[in-house]
Amino acid sequence: MKKDDCIFCKIANGEIPSSTVYEDDEFRVILDLGPASKGHALILPKDHFRDVCELDPKVAAKILPLGAKIGTAMKKSLGCAGFNLVQNNGEAAGQTVFHFHVHVIPRYENGPSIVTWTPGKETPEELAKTADRIKSAL
Ligand code: 5GP
Ligand code: ZN
């Protein structure tokens, strides 16, 4: 299903042109307009899902293999040393386009830190309590 007012639906289905690096019946992989590094790509399903919680499991099963394929091609063609797969869900998590997508971000030797956080500290008791809270909602 497509969503009429969704820009990624239009890009994924070819109604709006994009720098496409891969396409099949279910996905289009495009270059990000504001790349975090050279070659930064976005995996877009052609069907509309708002985020990972809405994603069809059959589509989901194909995403990591596709990420690996694109990342491997980036290493061969662009000379990056590695790559990050990043996927944001919800505004608080940095999602700005509400059509599920996965970022494939090439990482170059001595390149800037891109996906980082400052590790916090929690006691084993705090960790156990937090784990219990999550478990209770599964
Ligand atoms: P999010 O923050 O939702 O995880 O990522 C959205 C990404 O889409 C951003 O990195 C942004 O640069 C990219 N983006 C937004 N609009 C367009 C567009 O029209 N074309 C392309 N190629 N990328 C876009
Ligand atoms: Zn969409």
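Structure: above.
The following paragraphs examine the structure supplied in this document. This one's a predicted model, so the numbers in the text were calculated from it and none came from an experiment.

So, about the site of ligand 1. Inspection of the region around ligand 1 gives 16 residues, with Asp 32, Asn 88, Gly 94, Thr 96 and His 103 positioned closest. Between an oxygen atom of ligand 1 and a side-chain N or O atom of Asn 88, the distance comes to 2.9 Å. Contacts to ligand 1 include Gly 94, whose backbone N or O atom sits 2.8 Å from an oxygen atom. Computed on the free molecule, ligand 1 has an accessible area of 530 Å², of which 79% lies beneath the protein chains in the complex. Counting atoms within 2 Å of the grid points, the majority share of ligand 1 lands in the largest pocket.

The next subject is the sheet that holds strand S4 (residues 82–86). If you walk across this open sheet you meet the five strands as S1-S2-S3-S5-S4, and the pairing is antiparallel. Edge strands, defined here as strands with exactly one partner in the open sheet, are strand S1 (20–23) and S4. Sheet twist, expressed as the mean angle between neighbouring strand axes with direction ignored, is 20°. Where S4 meets strand S5 (residues 102–107), five bridges bridge the pair, whose relative direction is antiparallel. If you follow Gly 82 over to S5, its bridge partner there is Arg 107. Each of S1, strand S2 (27–31), strand S3 (41–45), S4 and S5 is contacted by helix H2 (residues 57–78), which is oriented at about 150° to S4, the strand it contacts most.

Let us look at helix H3 (residues 124–136). The first and last C-alpha atoms of H3 sit 18 Å apart over 13 residues, in line with the 18 Å expected at 1.5 Å per residue. Burial within H3 is sparse, with just zero of its 13 residues counted as buried.

Quick look at unusual backbone geometry now. Positive phi values are uncommon outside glycine, yet Asn 110 reaches one of about 60°. As for its placement among the helices and strands, Asn 110 is situated in the loop between S5 and H3.

What follows covers the coordination of the zinc ion (ligand 2). For the zinc ion (ligand 2), every protein donor is listed as Cys 6 (SG), Cys 9 (SG), His 48 (ND1) and His 99 (ND1), and the spread of their distances is 2.0 to 2.3 Å. Viewed at the metal, the four donor atoms of the zinc ion (ligand 2) are separated by angles of 105 to 116°, and the geometry they form is tetrahedral. On the primary sequence, the residues serving as donors to the zinc ion (ligand 2) are separated as C-x2-C-x38-H-x50-H. Note that Cys 9 is positioned in helix H1 (residues 7–12) and His 99 in the loop between S4 and S5, a separation of 90 residues in sequence.

The next thing to look at is the side chain of Asp 51. Within the fold, Asp 51 resides in the loop between S3 and H2. With no salt bridge to any partner, buried Asp 51 finds its closest opposite charge in Arg 50, at an N-O distance of 4.5 Å. Sequence-distant contacts of Asp 51, that is, excluding residues within four places in its chain, are made with Asn 89, Gln 95 and Phe 100.

Rules of the game
Residues numbered from 1 in each chain as written. Chains lettered and ligands numbered in written order. Predicted model: local features only at pLDDT ≥ 70, side-chain atom pairs only at ≥ 80, totals over all residues. Heavy atoms only, no water. Near = heavy atom within 4 Å. Polar contact = N/O pair within 3.5 Å; in protein donor to acceptor, adjacent residues only side chain to side chain. Areas by Shrake-Rupley, 256 points an atom, 1.4 Å probe, with all protein chains shown as cover. 1 Å grid on protein atoms, 1.4 Å probe; cavity = no way out; pocket = protein on both sides within 12 Å on 5 of 7 lines; lining within 4 Å. Sits in = over half its atoms within 2 Å of the grid points. Pairing = 2+ DSSP bridges. Helix = DSSP H or I, 4+ residues; strand = E, 2+ residues; numbered from the N terminus. Axes fitted to C-alpha atoms, helices over the stretch in contact; angles between N-to-C directions. Contact = heavy atoms within 4.5 Å. Expected span 1.5 Å × (residues − 1). Buried < 20%, exposed > 50% of the residue type's maximum accessible area, 1.4 Å probe, protein only. Donors = N, O, S within 2.8 Å, 3.2 Å for Na, K, Ca; no water. Tetrahedral: all angles 85-135°; square planar, octahedral: opposite > 155°, others 65-115°. Lys, Arg positive; Asp, Glu negative; His and termini not counted. Salt bridge = Lys/Arg side-chain N within 4 Å of Asp/Glu carboxyl O.

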